[in-house]
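# Coordinate analysis (summary)
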Amino acid sequence: MLDHCSISHKGGVVLWSRSFTPEASHIASSSASPVNSLIREALIEGRTAEEKYEKDGYAVKWTFVNDLELIFVVAYQRILQLTYVDDLLAALKALFIKLFEPFLATFVASLHALNSTKSASSVAGDTTTSWNFVKAFEGWDKVFDKLLKGFEDKAAQERKSRFRSTVHAVSADPSPPSDDLSTIPSESSVVPQDEQQIARNVQALKNRLRGRGGRRGGRGIARVESGSGRDSHPASDSESNKRKTKSKAQRKWGDEAPSEMDMASLDFSVDKPSGTDGHLSHDLQALVDEASLGTRTRDGMYEVKDWEFGTKEGEDDVIARALKSDGTTTKQTSGSLGALGSLFARLTGSKVLTQEDLKPVLEGMKQHLMKKNVAREIADKVCEGVGESLEGKKVGGFQTTSNAVRIALSSSLTRILTPKTSTDLLLSIRTKLSSPLPSTQQRIPYSITFVGVNGVGKSTNLSKVCFWLIQNGMRVLIAACDTFRSGAVEQLRVHVRNLSMLGVNGATDSKGRVELFEKGYGKDAAGIAKEAITYAKENDFDVVLIDTAGRMQDNEPLMRALAKLVAVNNPDKILFVGEALVGNEAVDQLTKFDRALRDFSSASGAGKGRGIDGMIVTKWDTVDDKVGAALSMTYVTGQPIIFVGCGQTYTDLRQLRVANVVQAILSD
Amino acid sequence: MDDSLPQEATPEATPEVLPLVAGTSTQTLAFGSFVLALTILCAFLFSRRRSRSRGNALLLVGPPDSGKTAILSTLAYNQTLPSHTSLQTNATVVALPSATTLRVVDVPGHPRIRDQFLEHMGDAKAIAFVVDASTVSRNGAAVAEHLHHILHAITSLPPSQPAPALLILAHKADLLKTGTSSSTLADVAVSRVRTILERELEKRRESQSGGVGVEGLGEEGERSDMGGLDHSGPAGSPFKFADWEGGEVDFAGTWAKVGETKEDEKQSGTDGLEGLTEWLDQLSR
């Protein structure tokens, strides 16, 4: 059932791998193998918090061993719902480490040779011990086979037992099988007294129907497996409760009568005592920041504190403060010796980070990120990813847990924000313009589309980009495809007039370098864009900037219209314009825009759908250091931030510096 | 009556200097502090000596999927292990046939984490830029961008530090088809890589010169575009590695077959990595 299984080191060396189908073994060594795709797209991008990774029909699951820096990966066909993969990974991990720990330790040490003089002697000694990897892992193949067979047999047995129980239930029913719900009362002679009995009966019927469907289908193995998979999920996930089990909860439609449980939770008429006292006091503390309380005047009036510009707080350990304020809910110091014991363990270099150590620190970091305007889900996922990469790692010397977390978080943020494609727009424009001409005589201009929700600054930043392109000697055509908002075309006309008046390189003006292409209001935006590109081609323009109307991300007809514009004109770059002030909305906006563009533009038969290629973050000057929106936006799409707009004049266009943003996010 | 004794006959007690630690005299204290200073000095010198022994590393950098980890495993373990995309740097110590030891650092090539090579730049004696010669015609632009970063880093080293030697390795040369020409695989790979890289770097140099860049956020004085591609040829001529101002650039063509060991290679008579090992020997001499 499995396609591929591998054990490798984080530095890239594969220690052991096994492919179960010839096709899998063929692509396993290429760069398109599931392991490579997993690493490139999920792990390096920092999306380690998600459970599963799917690509090209493969579903891939993985787990880490952080102190030995190993990755265990299992890949199988996506349509199969294999239930034992998590358990298999956990068992593999435990067994492999138990059997080969000394060899692995020397191997990992050899890949981290820090000091050449120190290990020169050890190298001389090691040349006698040849690194025979095949010999080292020779017993492993048999162990793996046995393990896999054990899991598969158990899964097959569970399937059979589920089969048998449904068969029994059906045979007990005297009447012919029918899907009619009205046959429920005929099963139990006693009329159900309360809602719980009804709920239980409904669930039993649903199980029977599911089993019946599988039996009637005959070849419905997948169906039955999915059924058994769902049912056996809670049982088999006791070991791997690190991964939150997402068993599917039934969707609650509004037209059902509420069950008893729902009634109890929705009843606010009676004052219920809150959970614990500690919980309540924590809430109160979080509501008011003691340091920012105002003053009481002599008359007894409460005056609000003044706004101070540019205060620098003395204390710069933000985590310590977060932990202090969180004092009521911090855990008891675990371990037999408590704080002193952990200090000694750290000094001798053998302290292993556990979940309990990391949790309060990560919680504090998450609150800090959210204070910096990072969306809640993103802060959650980033901290979870950091926690996973640190768990089980040895931290030694005088490095505290919070320091280790801070370093890991900083590198994770840098990794997320560093662009994976080139952000040099000029280079791509010049490359396209100088590429060899096809049979047609005229050059196709480079086209950039600006999309976004209402009011983020698309037209303003479009004109800033236009100014920059003019300064670099390009001829720009602006296509006014915002045919909806009153004044959109006039706004662009004013910008074009201003830009024409600004000269470049000693010229008095730039007439002829920038022009506006508009067809008034109410027309189809995709058609106008097409005509604009044709016009630009005929009149030798270099770049076409397409301004679109702002639209909300859940407005489906408008998203379809945008996708049609993209599909018809195939612009070279689609830039999403978002403002830096946006909070949790950023996640929603970007996911929906990206998905809508991909789905709708590929549905029209143009082949692979286009998504967002880059982002412009605007109104940067309104957030001084709460720049978390940049992080949320890059995390959601994976695309780089090309420009940052920080003002209303034409020169207020900047490039993003990853180091500055990371520092701003992590500072106080 | 005792108190009527003339008190002024006794000399006025001078304020006594109490020793810092009760029970020890000032002499022992002075001796102890001298010993402490000596130990601190010794520790300082030792750390300096360790830091002076730097400059002994070979950095393996390059675009992803070019074979850097395979080269490292061949050098370190005498067999080419299968590998996948690296997540972190590997550093190992290799004993060269000329009886010197060399530290080899393999930096991942993925664009998000490739800037880790800057941490090891101070330590580097040599940099090997590994390129996959069989696919370079397709992704030449990305390879050139990566190379540009490396060149920029080399040229922005402080002048007190000796610049590391640069070798561009046309790797996976065994996957090329030589066609009808009689030149060896390595030469074909080298010439192809050289022409493609020079062309792409010339495009990059053109797009930067004479343009107005967009400033970076933050400090005003920082330049956001990268230099590093200055060359001493006549102005307007295309970029050539021979003319590069940052130093000498060497080329070599190599390959490493996964699963092969040193013994297999000795039997077949060809060593895929001999271009690299020869260059390293030349360097250490």
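Note that this is a predicted model, so its numbers are computed, not measured.

## Points about the overall build of chain B
Within chain B, the secondary structure is distributed over seven helices and six strands. Order of helices (α) and strands (β) in chain B, N terminus to C terminus: α-β-α-β-β-α-β-α-β-α-β-α-α. Burial status across chain B gives 44% buried among its 285 residues. Split by element, the accessible area of chain B, about 15,300 Å² in all, is 56% carbon and sulfur.

## Some words on the packing of aromatic side chains
Here the structure, examined in full by the defined rule, presents ten aromatic pairs over all chains. Consider the rings of phenylalanine 72 of chain A and phenylalanine 96 of chain A, whose centres lie 5.9 Å apart with planes at 85°: the pair is edge-to-face. Of the two residues, phenylalanine 72 of chain A sits in strand β5 (residues 70-77) while phenylalanine 96 of chain A sits in helix α3 (residues 85-110), which places them 24 residues apart along the sequence. Classification of phenylalanine 72 of chain A as buried rests on a relative accessible area of 0%. Through pairs of rings, three or more aromatic residues link up here, namely Trp16, Phe20 and Phe144 of chain A. Residue placement shows arginine 475 of chain A over the ring face of phenylalanine 541 of chain A; its charged tip is 4.2 Å from the ring centre. The ring centre of phenylalanine 251 of chain B lies 4.3 Å from the NZ or CZ of arginine 194 of chain B, which sits over that ring.

## Notes on the domain arrangement of chain A
All names here are of chain A. Under the domain assignment used here, chain A contains domain 1 (4-156), domain 2 (315-417) and domain 3 (445-657). Of the residues lining the interface, nine residues belong to domain 1; the matching set on domain 2 comes to twelve residues. Together, the buried faces of domain 1 and domain 2 total about 840 Å²; carbon and sulfur atoms form 44% of this surface. At the surface where domain 1 touches domain 2, the tally comes to zero salt bridges. Seen at the junction of domain 1 and domain 2, the total is zero residue pairs in polar contact (both at pLDDT 80 or more). For the side of domain 1 that touches domain 2, a count of residues per class yields four nonpolar, three polar and two charged.

## Quick word on the sheet that holds strand β1 (residues 2-9) of chain A
Residues and elements named next belong to chain A. Here five strands make up an open sheet; going across it, the order is β2-β1-β5-β4-β3 and the pairing antiparallel. Here the strands that pair on one side only, and so sit at the sheet edges, are β2 (14-19) and β3 (53-55). When strand polarity is set aside, the average angle formed by the axes of neighbouring strands in this sheet is 15°. Relative to β5, β1 runs antiparallel, the two being bridged by seven bridges. Within the sheet, the bridge partner assigned to histidine 9 lies in β5 and is leucine 70. Sitting on the sheet, α3 is in contact with β1, β2, β4 (58-65) and β5, with an inclination near 145° to β5.

## Things to note about the confidence of the model for chain B
Residues and elements named next belong to chain B. A residue-level look at chain B finds 68% of positions with pLDDT of 70 or above and a mean pLDDT of 74. Put simply, helix α6 (residues 262-268) is where chain B has its lowest mean pLDDT, 60, and strand β1 (residues 57-61) is where it has its highest, 86. Of the regions scoring below 50 in pLDDT, residues 219-224 engages in nine contacts with residues more than four places distant in sequence or in other chains. Both scores are given for the predicted complex: the pTM is 0.71, the ipTM 0.70.

## What to know about the packing of helix α4 (residues 140-155) of chain B against helix α5 (residues 185-208) of chain B
All names here are of chain B. Two elements in contact, α4 and α5, have axes separated by 9 Å at closest approach and are oriented at 70°. Judged by the angle between their axes, α4 and α5 are roughly perpendicular. Between α4 and α5 lies a crossing of right-handed hand. Listed contacts from α5 to Gly140, Ala141, Val143, Ala144, Glu145, Leu147, His148 and Leu151 of α4 are Ile196, Leu197, Glu200, Leu201, Arg204 and Gln208.

## Quick notes on the pattern of salt bridges
All names here are of chain A. A complete count under the given rule lists 21 salt bridges over all chains for this structure. Between lysine 564 and aspartate 524 there is a salt bridge, and its shortest N-O distance comes to 3.1 Å. Of this pair, lysine 564 sits in helix α21 (residues 556-569) while aspartate 524 sits in the loop between β12 (514-517) and α20 (525-538), and the two are 40 residues apart along the sequence. A relative accessible area of 41% means that lysine 564 is categorised as partly exposed. On the accessibility criterion, aspartate 524 (41% relative accessible area) is partly exposed. Sharing partners across several salt bridges, the network here consists of Arg18, Asp141 and Asp145.

Rules used throughout
- Residues numbered from 1 in each chain as written.
- Chains lettered and ligands numbered in written order.
- Predicted model: local features only at pLDDT ≥ 70, side-chain atom pairs only at ≥ 80, totals over all residues.
- Heavy atoms only, no water.
- Helix = DSSP H or I, 4+ residues; strand = E, 2+ residues; numbered from the N terminus.
- Buried < 20%, exposed > 50% of the residue type's maximum accessible area, 1.4 Å probe, protein only.
- Areas by Shrake-Rupley, 256 points an atom, 1.4 Å probe, with all protein chains shown as cover.
- Phe/Tyr/Trp six-rings, centres within 6.5 Å; stacked < 30°, edge-to-face > 60°.
- Lys NZ or Arg CZ within 6 Å of the ring centre and 35° of its normal.
- Domains from an automatic or database assignment.
- Contact = heavy atoms within 4.5 Å.
- Buried area = accessible area lost by both parts, 1.4 Å probe.
- Salt bridge = Lys/Arg side-chain N within 4 Å of Asp/Glu carboxyl O.
- Polar contact = N/O pair within 3.5 Å; in protein donor to acceptor, adjacent residues only side chain to side chain.
- Nonpolar A, V, L, I, M, F, W, Y, C, P; charged D, E, K, R; others polar.
- Pairing = 2+ DSSP bridges.
- Axes fitted to C-alpha atoms, helices over the stretch in contact; angles between N-to-C directions.
- pLDDT = per-residue confidence, 0-100.
- Parallel < 35°, antiparallel > 145°, perpendicular 65-115°, else oblique.
- Left-handed = near helix turned anticlockwise from the far one by under 90°.

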